[in-house]
Amino acid sequence: MVKPIKDSKIAIIGLGYVGLPLAVEFAKKYPVVGLDINQARVVELMKGKDSTLEVSDDLLSSVIVPNSPQISTAGLFCTADFDALGDCNIYIVTVPTPTDRHNRPVLTPMLKASETIAKYLKKGDVVIYESTVYPGVTEEECVPVLEQFSGLKFNEDFFAGYSPERINPGDKEHTVAKILKVTAGSTPEIANYVDELYRSVITAGTHKAPSIKVAEAAKVIENSQRDINIAFVNELSKIFNLLGIDTNEVLEAAGTKWNFLKFKPGLVGGHCIGVDPFYLAQKAQEVGYHPEIILAGRRLNDSMGKHVATEVIKHMMRKDLKVIDAKVLILGFTFKENCPDVRNTRVIDIFHELRSFDISVDVYDPWANAEEVKHEYQIDIRHGEDVPNLSDYSAIILAVAHDQFQSLSIKKSQDQVVFDVKGFLDKADVDARL
């Protein structure tokens, strides 16, 4: 028998871009233990600081409970100590679901989290997964781990739920409580339980899916659909470039029709859109279907970094600027504007393609953490107040539309190429844009 929701103590496993905002929201009403294996992350959170900038310091400090995980009233205690999970009855898993270098799904974080939870699982407990996966992962991959390491029986002793995350990093308008939440449970009764739990903190409301697999599928197609739509306009941008037509002007004209979908060309990175379609493709192939549109969209979007670099080099040659040993500046490295998240950024593709021509490449990003970039991508970037002198470069590529770049005086000249990936600058000031 599950505990009444009002008497629950919730554990959030993973305190990144998804887990922390959710933990803070629940901590306004329930005692919450936030678990993360990164001790440095735990320390900063307990000090009321969030380096991802998803939660304000004031809000985080208002819910943090110091000193002890044995909290019984509303609040958040963050820790790297697994034993803090001992007296929780609801476990919510918000760990990453990446792909490997061959674009195959990596379920290791979810399976390890399940193994950890299983050691503390008790009769009547509920485990809810938020990580984006292909249909079947919760019940076919994670639940067996929970059973194996707990010795308990699924849907008799413990239960499962799924409520896919819909966090949009850097978005201060569509915060977790303001985004409608899809919910699902392993039995009809648990589906109601999970739905009620989320409805207690999600002001935007919930949508109860008929099964966990339906909820898993709904999430994975959200980002796959977006990926395919962006791939379409990226292909249009390549075609219109050859025709001498400005893609942004075409999209603006077409967008006057009420049902035209207003997507823009660009680099497609991040932890969701550039990854999730591979999860659906993997499952499709397992059941004997080769997905054509999904993988074609992925291939096209993954080619855009090389395309940008090639176009920049063409424009340099047209201006009779030397290419080998030239200096090029890339403005922006994060996967999206006004956000420090560098996970799966495709700006790195531009960097590597330019370097393959023996071009010296500098990257400046006021939002990105230089140490994180060095660790993840093995390159050095300029950041913070270390603003480069724009006149030192033969080409400038505006790759990310950070607000800070509005103050830079960027204008094309005979001695310098300006390429605008984001359509951020005035058309008259650039040589080309996607």
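Conventions and cut-offs
- Residues numbered from 1 in each chain as written.
- Predicted model: local features only at pLDDT ≥ 70, side-chain atom pairs only at ≥ 80, totals over all residues.
- Heavy atoms only, no water.
- Buried < 20%, exposed > 50% of the residue type's maximum accessible area, 1.4 Å probe, protein only.
- Helix = DSSP H or I, 4+ residues; strand = E, 2+ residues; numbered from the N terminus.
- Contact = heavy atoms within 4.5 Å.
- Pairing = 2+ DSSP bridges.
- Right-handed = clockwise from strand over helix to strand, strands pointing away.
- Salt bridge = Lys/Arg side-chain N within 4 Å of Asp/Glu carboxyl O.
- Phe/Tyr/Trp six-rings, centres within 6.5 Å; stacked < 30°, edge-to-face > 60°.
- Lys NZ or Arg CZ within 6 Å of the ring centre and 35° of its normal.

**Q** Explain helix 9 (residues 276-286) residue by residue, including any values.
**A** Within helix 9, eight of the 11 residues are buried, which leaves it mostly tucked inside the rest of the structure. Looking only at helix 9, the buried set comprises D276, P277, F278, Y279, L280, A281, K283 and A284. Against helix 5 (137-150), helix 7 (212-243) and helix 10 (292-302) lie the buried residues of helix 9. G288 sits one or two positions beyond helix 9 and adopts a positive phi of about 95°.

**Q** I'd love a proper account of the pairing of strand 2 (residues 31-35), names of residues and values included.
**A** Counting buried positions over the five residues of strand 2 gives five, a clear majority of the element. The alternating pattern of strand 2 places P31, V33 and L35 and V32 and G34 on opposite faces, both of which are buried. Pairing geometry for strand 1 (residues 10-13) and strand 2, over four bridges, is parallel. The partner of I10 across the bridge, within strand 2, is V32. Handedness of the β-α-β unit built from strand 1, helix 1 (residues 19-27) and strand 2 comes out right-handed.

**Q** With reference to specific residues and values, describe the environment of A428.
**A** Note on placement: A428 falls in the loop between strand 13 (417-420) and strand 14 (432-433). Measuring from C-alpha to C-alpha, the distance between A428 and K412 comes to 8.2 Å, with 16 residues separating the pair along the chain.

**Q** How would you sum up the side chain of D227? Please name residues and give values.
**A** Summarising the element assignment, D227 is placed in helix 7. The buried category is assigned to D227, whose relative accessible area is 0%. The residues contacting D227, other than those within four sequence positions of it, are V268, I273, P277, G297, R298 and N301.

**Q** Tell me about the sheet that holds strand 10 (residues 360-365), and please be specific about residues and values.
**A** With parallel pairing, six strands are arranged side by side in an open sheet as 11-10-9-12-13-14. Each edge of the open sheet is held by one strand with a lone partner, namely strand 11 (382-383) and strand 14. Here strand 9 (residues 327-331) runs beside strand 10; their pairing, made up of five bridges, is parallel. Within strand 10, the residue paired with L331 across the bridge is Y364.

**Q** An account of the side chain of D341 is needed here, citing residue identities and associated values.
**A** Position of D341 relative to the elements: it lies in the loop between strand 9 and helix 12 (347-355). Owing to a relative accessible area of 1%, D341 belongs among the buried residues under this scheme. Not counting chain neighbours up to four residues away, the residues in contact with D341 comprise Y17, P169, H271, T334 and F335.

**Q** How would you explain the pattern of salt bridges if you had to name every residue and give the values?
**A** The tally for this structure, following the rule as stated, stands at 25 salt bridges. Between R346 and D349 there is a salt bridge, with its nearest N and O atoms 2.8 Å apart. Taking relative accessible area as the criterion, R346 reaches 18% and is therefore assigned buried. A salt bridge links D429 to K411, with the shortest nitrogen-to-oxygen separation between them at 3.4 Å. Within this pair, whereas D429 is found in the loop between strand 13 and strand 14, its partner K411 is found in the loop between strand 12 (395-398) and strand 13, the two being separated by 18 residues in sequence. Judged by relative accessible area, which is 15%, D429 ranks as buried. It is possible to trace a salt-bridge network through shared partners that takes in E140, K213, K283 and E286.

**Q** Any chance you could break down the packing of aromatic side chains for me, citing the residues and the numbers?
**A** One pass over the full model with this rule turns up six aromatic pairs. With a centroid separation of 5.7 Å and an interplanar angle of 45°, the aromatic rings of F154 and F158 are classed as tilted. Note on F158: relative accessible area 0%, which makes it buried. Judged by centre distance (6.1 Å) and plane angle (50°), the ring pair of Y364 and F405 falls under tilted. Within this pair, whereas Y364 is found in strand 10, its partner F405 is found in the loop between strand 12 and strand 13, the two being separated by 41 residues in sequence. A single burial state applies to Y364 and to F405, both of which are buried. Three or more aromatic residues joined by ring pairs make a cluster, and in this case those are F26, Y30 and Y198. One Lys or Arg, K257, reaches over the ring of W258 and ends 5.3 Å from the middle of that ring. The ring of Y393 is capped by K327, whose NZ or CZ atom sits 5.1 Å from the centre of that ring.

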